[in-house]
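Examining the three-dimensional arrangement
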Amino acid sequence: MSIPVQNARQCLIWDHEHETMPRPNLEKLQLERLQKTVERCYTKVPLYKEKMDALGVKPDDINRLKDVNKLPFTTKNDLRDNYPFKMFAEPLDKVVRLHASSGTTGKPVVVGYTVNDINTWAELMARVYTSGGVTNVDIVHNSYGYGLFTGGMGAHYGAERVGAVVIPVSGGLSKRQVMLWQDFGATVLMSTPSYALVLAEQAKEMGVNPLRDLKLKVGFFGAEPWTMEMKREIEAKLNLEAFDIYGLTEMMGPGVSSECPYHDGLHIAEDHFLVETVDPDTGESLPLGQLGEMVLTSLTKEAFPVLRYRTRDRTIIDTEVCSCGRTTARMKRITGRTDDMLIIRGVNVFPSQIESVILTIKGLEPQYVIVVDRGSNYMDDLEVLVECTEKLHAQGDEALEKVKERLGADLHQVLGINARIKVVAPKTLERSEGKAKRVVDLRDFNN
Ligand code: ADP
Ligand code: ZN
């Protein structure tokens, strides 16, 4: 199939067959895959059998794509309650990899992959790279974290799939990262948007001029919300073209959707994920094109199939064919979440996690405010203000300092990130008459 590129820009496409499939053919493929997935879930995952039986739905009831809304939703809590492996549709001897996403108090969500799942993931990340013009001549500097987090390995396998050289740097040691950019001549940067800005600042401090000293051409940034303003800043400071990439551990990791060179929404890999939007309060299906909570159903996953996952991410879906030639639907940049989860320096943080840590420390009251800001150094800053008891207050500074240190250490243990702590005097934080406002997020993701 030829690519109907109207603009002068040449768009590379990795998987022509699937990325430019006429919609009727795509929907036919989606239905076949949906039916298989539902059968797999019903017969292999006890929770899905239970949920479907409760709704009186059988796999045979799925005869059209629209029937997806007969199926039960899956929430993060369902996945957590079935920790670690009870949602797996394959025995562990067929599973070759585990990843996990940070979760609330204690247990994370654990996901598993078969050989085929890993292969699909690499293919989908290869689509992402290719849509940004990356080929086997490129050198990919991967600053996404390696480990249980899906970012590092997802970006890694995709880069290998297109035949590029991949440098598995992971996050941290910013000075060394800039040195490696120069020495290895990286052309592609993979990192969270906030870390890209940290690296840009570091480069500036080291007297490195991107125009003169670096070969960076493109970067794929995601795993956290970011603004158009941030995008322009990254592009200007690093002299590269920035692409937005979206993913979530529960569905696979990065590679669920990404921008093409037209930068008009993120193309969803619809042959692998069925997308819906619902009203976040009622769960009612909304017509595509209307702002709502995105709900995803996996269509090809073997080890960890997911029916109607409530992403809690707010977006609009556009099914118009894009100028790049891809027929896959596009989601608009994510502007917010429908739950209270905060993403701080790429780490998922629920206010309830902070609250439960506070509750375990003697001398502290459950009166607290969480303030998140993105400072001039572009790193998210987490501050926790918490009231102490009258008794602790009377004991003086040394006792207060001890409690402060303990809270800092315990929070770091649970969240994996540092927080600034302020222990304040009893009854100094504002009381609300209705729902307490515990979180003040000064970052603005809506432009
Ligand atoms: P990941 O490994 O991608 O960080 P998590 O499961 O930890 O996976 O977090 C997924 C969440 O991160 C998404 O539900 C969404 O809220 C957020 N996210 C990921 N990519 C983006 C993006 N490009 N823009 C905005 N938010 C994003
Ligand atoms: Zn496009």
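For the structure given in this document, a descriptive report is provided here. Everything numeric here is computed off the predicted structure, so don't read it as measured data.

**With respect to the coordination of the zinc ion (ligand 2)**
- The coordination sphere of the zinc ion (ligand 2) contains the protein donors C260 (SG), H267 (NE2), C322 (SG) and C324 (SG), at a distance range of 2.1 to 2.3 Å.
- Positions of the donor residues of the zinc ion (ligand 2), expressed as sequence spacing, correspond to C-x6-H-x54-C-x1-C. Here the residue H267 occupies a position in strand β9 (residues 266–268), and C322 occupies one in the loop between β14 (317–318) and β15 (330–331), the gap between them amounting to 55 residues. Taken individually, H267 and C322 each receive the classification buried, so the pair is uniform in this respect.

**Focus: the pattern of salt bridges**
- Tallied over the entire structure, the rule returns 35 salt bridges.
- E233 serves as the salt-bridge partner of K237, at 3.3 Å between the closest nitrogen and oxygen. Of this pair, K237 and E233 both sit in helix α10 (residues 228–238), four residues apart, roughly one helical turn.
- One salt bridge connects D380 with R443, and the closest N-O pair in it is separated by 3.1 Å. Taken together, the residues span a long stretch of sequence, with D380 in strand β20 (residues 380–388) and R443 in the segment after β22 (439–441) at a distance of 63 residues.
- For R443, a relative accessible area of 9% translates into the label buried.
- Connected via shared salt-bridge partners are R374, D380, D441 and R443.

**Observations regarding the sheet that holds strand β21 (residues 420–424)**
- With mixed pairing, the four strands of this open sheet are ordered in space as β21-β20-β19-β22. Two strands close off the open sheet at either side, each with one partner strand: β21 and β22. Here the strands of the sheet are splayed against their neighbours by 15 degrees on average, with no regard to which way each runs.
- One ladder, built from eight bridges, connects strand β19 (residues 364–374) with β20; its direction is antiparallel. Residue pairing in the sheet places V371 in a bridge with E383 of β20.
- Here helix α13 (residues 397–415) sits on the sheet and contacts β19, β20 and β21; the angle it forms with β21, its principal contact strand, is near 140 degrees.

Rules used throughout
Residues numbered from 1 in each chain as written. Chains lettered and ligands numbered in written order. Predicted model: local features only at pLDDT ≥ 70, side-chain atom pairs only at ≥ 80, totals over all residues. Heavy atoms only, no water. Donors = N, O, S within 2.8 Å, 3.2 Å for Na, K, Ca; no water. Helix = DSSP H or I, 4+ residues; strand = E, 2+ residues; numbered from the N terminus. Buried < 20%, exposed > 50% of the residue type's maximum accessible area, 1.4 Å probe, protein only. Salt bridge = Lys/Arg side-chain N within 4 Å of Asp/Glu carboxyl O. Pairing = 2+ DSSP bridges. Axes fitted to C-alpha atoms, helices over the stretch in contact; angles between N-to-C directions. Contact = heavy atoms within 4.5 Å.

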